[in-house]
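Examining the three-dimensional arrangement
For reference, the chains in residue letters:
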Amino acid sequence: GLSGGKDSSYVAYRLCKEYGLNALLVTFDNGFLTEYARQNIELMVQRLGADHLYLKPPDPVFHRKVYRSCMKWIGVPCPGCTFPGMLMCIKKAIELEIPLLVHGRSRAQMFKELTEGTNDPFLKVVYSNFRPDDAERNKRLVRDVVRRMQRLLRFFVSDRKLRPALQQTFYPDPARLARCEHAPEFIGLFLYEHYDELKMMKVLERELGWHPPDEPAILTHQDCRIHEAAAYFYTQVCGQPMIVQELSTMIREGEISRGQALERQAQEQTNTSYNRPAALALAEMADLTEEQLLRTVRTGRLKMEVVKLLLKLRNMVLPRSKLPIPLTLQPSRRVSPGTPPRERASSSATG
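Summarised in this report is the structure supplied together with it. Only a predicted model underlies this, so the values are computations on that prediction, with no experimental measurement involved. (Residues numbered from 1 in each chain as written. Predicted model: local features only at pLDDT ≥ 70, side-chain atom pairs only at ≥ 80, totals over all residues. Heavy atoms only, no water.)

**As for the overall build of the protein**
- Of the regular secondary structure elements, the protein holds 16 helices and four strands.
- The proportion of buried residues among the 351 residues of the protein is 48%.
- When contacts within the protein are restricted to residue pairs at least 6 apart in sequence, those whose partners lie at least 24 apart make up 77%.
- About 17900 Å² of surface is accessible on the protein, with carbon and sulfur atoms providing 53% of the total. (Helix = DSSP H or I, 4+ residues; strand = E, 2+ residues; numbered from the N terminus. Buried < 20%, exposed > 50% of the residue type's maximum accessible area, 1.4 Å probe, protein only. Contact = heavy atoms within 4.5 Å. Areas by Shrake-Rupley, 256 points an atom, 1.4 Å probe, with all protein chains shown as cover.)

**Brief notes about a positive patch on the surface**
- Together, Arg140, Arg143, Arg147 and Arg151 give the surface a local cluster of positive charge.
- Judged by relative accessible area, Arg151 falls into the exposed class, the value being 53%. (Patch = residues over 30% accessible without salt bridge, like charges linked within 9 Å, V, L, I, M, F, W, Y side chains within 5 Å. Salt bridge = Lys/Arg side-chain N within 4 Å of Asp/Glu carboxyl O. Lys, Arg positive; Asp, Glu negative; His and termini not counted. Charge placed at Lys NZ, Arg CZ, Asp CG, Glu CD.)

**Quick word on unusual backbone geometry**
- A positive phi angle is found at Glu97, which is not glycine, with a value near 55°.
- Examined against the element boundaries, Glu97 turns out to sit in the loop between helix 4 (79-95) and strand 3 (100-103).
- Positive phi, close to 60°, is recorded for Asp287, a residue that is not glycine.
- Turning to its location among the elements, Asp287 is positioned in the loop between helix 14 (276-285) and helix 15 (290-317).

**Focus on the nonpolar core**
- With 93 residues, the main nonpolar core has Met44, Leu48, Ile90, Leu153, Phe170, Phe233 and Leu293 as its most contacted residues.
- For this core, the element with the most residues is helix 4, which contributes nine residues.
- Ignoring any residue separated from it by four or fewer positions in sequence, one finds Leu153 in contact with Phe62, Val66, Pro84, Leu87, Leu166, Phe170 and Tyr171.
- Counting seven residues, the second largest nonpolar core, distinct from the first, contains Ala108, Leu219, Ile256 and Ala261. (Core = buried A, V, L, I, M, F, W, Y, C linked by side-chain atoms within 4.5 Å.)

**A word on the environment of Asp159**
- Positionally, Asp159 belongs in the loop between helix 7 (135-156) and helix 8 (163-170).
- Taking the C-alpha atoms as reference points, Asp159 and Phe62, separated by 97 residues in sequence, lie 9.2 Å from one another.

**Some details on helix 10 (residues 197-208)**
- Along its 12 residues, helix 10 runs 16 Å from first to last C-alpha, staying within 8% of the 16 Å computed at 1.5 Å per residue.
- Where helix 10 is concerned, the buried positions are Glu197, Met200, Met201, Val203, Leu204 and Leu208. Down the axis of helix 10, the sector holding all buried residues measures 160°, keeping them to one side. Relative to its buried face, helix 10 has exposed residues pointing more than 90 degrees away, namely Lys199, Lys202 and Arg206.
- Summarising the contacts, the buried residues of helix 10 are in contact with helix 1 (6-18) and helix 2 (35-48). (Expected span 1.5 Å × (residues − 1). Arc of directions from axis to C-beta.)

**Section: a nonpolar patch on the surface**
- On the surface, a nonpolar cluster with roughly 760 Å² of combined accessible area is contributed by Leu302, Val306, Leu309, Leu310, Leu313, Met316 and Val317.
- Among the secondary structure elements, Leu302 is positioned in helix 15.
- Exposure remark for Leu302: the relative accessible area of 60% places this residue in the exposed category.

**A look at helix 1**
- With 13 residues, helix 1 extends 17 Å between its outermost C-alpha atoms, agreeing within 8% with the 18 Å of an ideal straight helix rising 1.5 Å per residue.
- Extensive coverage of helix 1 is indicated by the burial of 11 of its 13 residues.
- Every buried residue belonging to helix 1 is among Lys6, Asp7, Ser8, Ser9, Tyr10, Val11, Ala12, Tyr13, Arg14, Leu15 and Cys16, and all of these are buried.
- Buried residues belonging to helix 1 abut strand 1 (24-28), helix 2, strand 3, helix 5 (107-110) and helix 10.
- Downstream of helix 1 by one or two residues, Gly20 has phi in the positive range, about 65°.

**Examining the pairing of strand 2 (residues 51-55)**
- Pairing of strand 1 with strand 2 involves five bridges; the strand directions are parallel. Each bridged residue has a counterpart across the sheet, and for Leu24 the counterpart in strand 2 is Asp51.
- Crossover connection from strand 1 via helix 2 to parallel strand 2: handedness right-handed. (Pairing = 2+ DSSP bridges. Right-handed = clockwise from strand over helix to strand, strands pointing away.)

**Considerations on the packing of aromatic side chains**
- On inspection of all chains with the given rule, the structure shows seven aromatic pairs.
- With a centroid separation of 6.1 Å and an interplanar angle of 45°, the aromatic rings of Tyr10 and Tyr13 are classed as tilted. Taken together, the positions of Tyr10 and Tyr13, both in helix 1 and three residues apart, correspond to about one turn of that helix.
- Of the residues examined, Tyr10 reaches a relative accessible area of 5% and is grouped as buried.
- Judged by relative accessible area, Tyr13 falls into the buried class, the value being 8%.
- For the ring pair Phe32 and Tyr67, a centre distance of 5.3 Å and an interplane angle of 75° mean the geometry is edge-to-face. (Phe/Tyr/Trp six-rings, centres within 6.5 Å; stacked < 30°, edge-to-face > 60°.)

**Thoughts on the side chain of Thr235**
- The topology assignment puts Thr235 in helix 11 (residues 227-238).
- The class of Thr235 is buried, set by a relative accessible area of 16%.
- Here Ala231 takes part through its backbone oxygen, which lies 2.9 Å from a polar atom of the side chain of Thr235.
- Residue contacts for Thr235: discarding those within four places in its chain leaves Gln240, Pro241, Met242 and Thr272. (Polar contact = N/O pair within 3.5 Å; in protein donor to acceptor, adjacent residues only side chain to side chain.)

**Points about the pattern of salt bridges**
- Considering all chains together, one arrives at 13 salt bridges under this definition.
- A salt bridge links Arg14 to Glu18; the shortest N-O distance between them is 3.8 Å. Residue Arg14 and its partner Glu18 are both found in helix 1; the two are separated by four residues, about one turn of the helix.
- Salt bridges sharing partners connect three or more residues here, namely Arg14, Glu18 and Glu193.

Here is the structure:
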């Protein structure tokens, strides 16, 4: 997956230049790619000599309903990109018989929900990277991921008339998945390699002429046109900046000090003011007026409090879900590019 941002660009560079893989670079064109992102995508494709595809939902009505529902139910637009984009990647990989899907999520992003009673379905995918390769088990995992995302998309798009378009655009053929020798396995490169944003940007700039963001700070997203609006709405709904959980994870993993994290959090709180151009772009995509958009944030805050209360009650009544990954994780250490991923897994986590 190549968004044009630093993480995905660095992963593409490592796969093509260091590991020598025949990589297909794919970009989920959600309508929110910045010009900065498009320039970097074009540059990466040219310099790496890799094939590239834009994946774009063909029905704009469908996509508008997804974003509208995201804002209506949770007050944050991000699932409208995450779930459809991931499903389209799975579908394309199965159709082209591609055995690996490599993502650029950092360890802080992967482990930010690592707690008892977690509801994060992605942790199962992360956990699979720590286990010996098993084609049949991975096929079951892919089926489970697809089923979960089908349920989520059906929840967000309740219009039954759009179900055929949903099926055709996002869901892989079950029979084709059953027949394939290797279902696409999700690999998180930064489970095996050290993650250093500032160093990664310097490498990309030096080796490929990649364009760094205007503010080369950690945890920034200049590839998304509505990120500032999403960050603002998240802060309003959840009562804390979007990056707090990632910063907490980075402290636990020894990547930054608590003082550095508090400094970055303060900077984020200063930056997460209402950005009207970004908000209007989101409102247009979600087919909402600006007033309706702001109203969804106010109701989203109330709904979030209700969800928190329900989760507390659930954890009081029901046994908490077991963690799929041991809580004690060691910071990843850089290893030689020639080491197979399965051998490298043991250097990334205890247990």
